[in-house]
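# Structural characterization, general
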Amino acid sequence: MLGRDKDVEISTDRSRLDLAYCYEVIANSYWGGGRTRGEFDKSVEMSVPVGAYCDGKQVGFARAASDFIAIAYVADVFVDPDYRRRGIGAKMIDALHGHADLQRVKRWLLATHDMQPLYRQHGYADLDDVMMMRVDDAALTRKPRR
């Protein structure tokens, strides 16, 4: 468990993820249509995932695909429409940025058509209409994990 407030819990515990729910949301999104369930499961397996939980159920998801040193790509971020406007997306992004395995990542990338304001609040800058990047110049001054 990473964080909890009155009604939102953010966790990087893979065993808590409701992958069927996440796949359903992502398969019906503008960015994730066309993926098979197997492809989705493999993408989660090869990433650092984070889930958001409210009222005893999963209401959000995000993941970062990374080499754990040079680059991380934030993907598949969503919050259930009934739970938006509570800062859940921001908390999931903070959880990825704060994850112990990702502390030495210098460049963070993502693509979005509609959530640029959220990511700008977390240090991302526009590269074009869709791509954004965050540079963490302090990353390489942090102690290696292994």
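Scope of this entry: the structure provided in the associated data block. This structure is a prediction, so every number in the text was calculated from the model and none was measured.

### Description of the pairing of strand 6 (residues 107–111)
In this structure, strand 5 (residues 71–79) lies alongside strand 6, joined through 4 bridges in parallel fashion. Bridging from a neighbouring strand, Ile 71 pairs with Arg 107 of strand 6. The parallel pair strand 5 and strand 6 is bridged by helix 3 (residues 88–98), and the resulting crossover is right-handed. Two elements, strand 6 and strand 8 (residues 131–135), share 5 bridges in a ladder whose sense is antiparallel.

### Topic: the packing of helix 1 (residues 19–27) against helix 2 (residues 37–45)
At a closest axis distance of 10 Å, the pairing of helix 1 and helix 2 adopts a crossing angle of 115°. Looking at the two axes, helix 1 sits roughly perpendicular to helix 2. The chirality of how helix 1 crosses helix 2 is right-handed. Of the residues in helix 2, those in contact with Leu 19, Ala 20, Cys 22, Tyr 23 and Ile 26 of helix 1 are Arg 37, Phe 40, Asp 41 and Val 44. Per-class residue counts for the contact of helix 1 with helix 2 are 7 nonpolar, no polar and 2 charged.

What counts and what doesn't
- Residues numbered from 1 in each chain as written.
- Predicted model: local features only at pLDDT ≥ 70, side-chain atom pairs only at ≥ 80, totals over all residues.
- Heavy atoms only, no water.
- Pairing = 2+ DSSP bridges.
- Helix = DSSP H or I, 4+ residues; strand = E, 2+ residues; numbered from the N terminus.
- Right-handed = clockwise from strand over helix to strand, strands pointing away.
- Axes fitted to C-alpha atoms, helices over the stretch in contact; angles between N-to-C directions.
- Parallel < 35°, antiparallel > 145°, perpendicular 65-115°, else oblique.
- Left-handed = near helix turned anticlockwise from the far one by under 90°.
- Contact = heavy atoms within 4.5 Å.
- Nonpolar A, V, L, I, M, F, W, Y, C, P; charged D, E, K, R; others polar.

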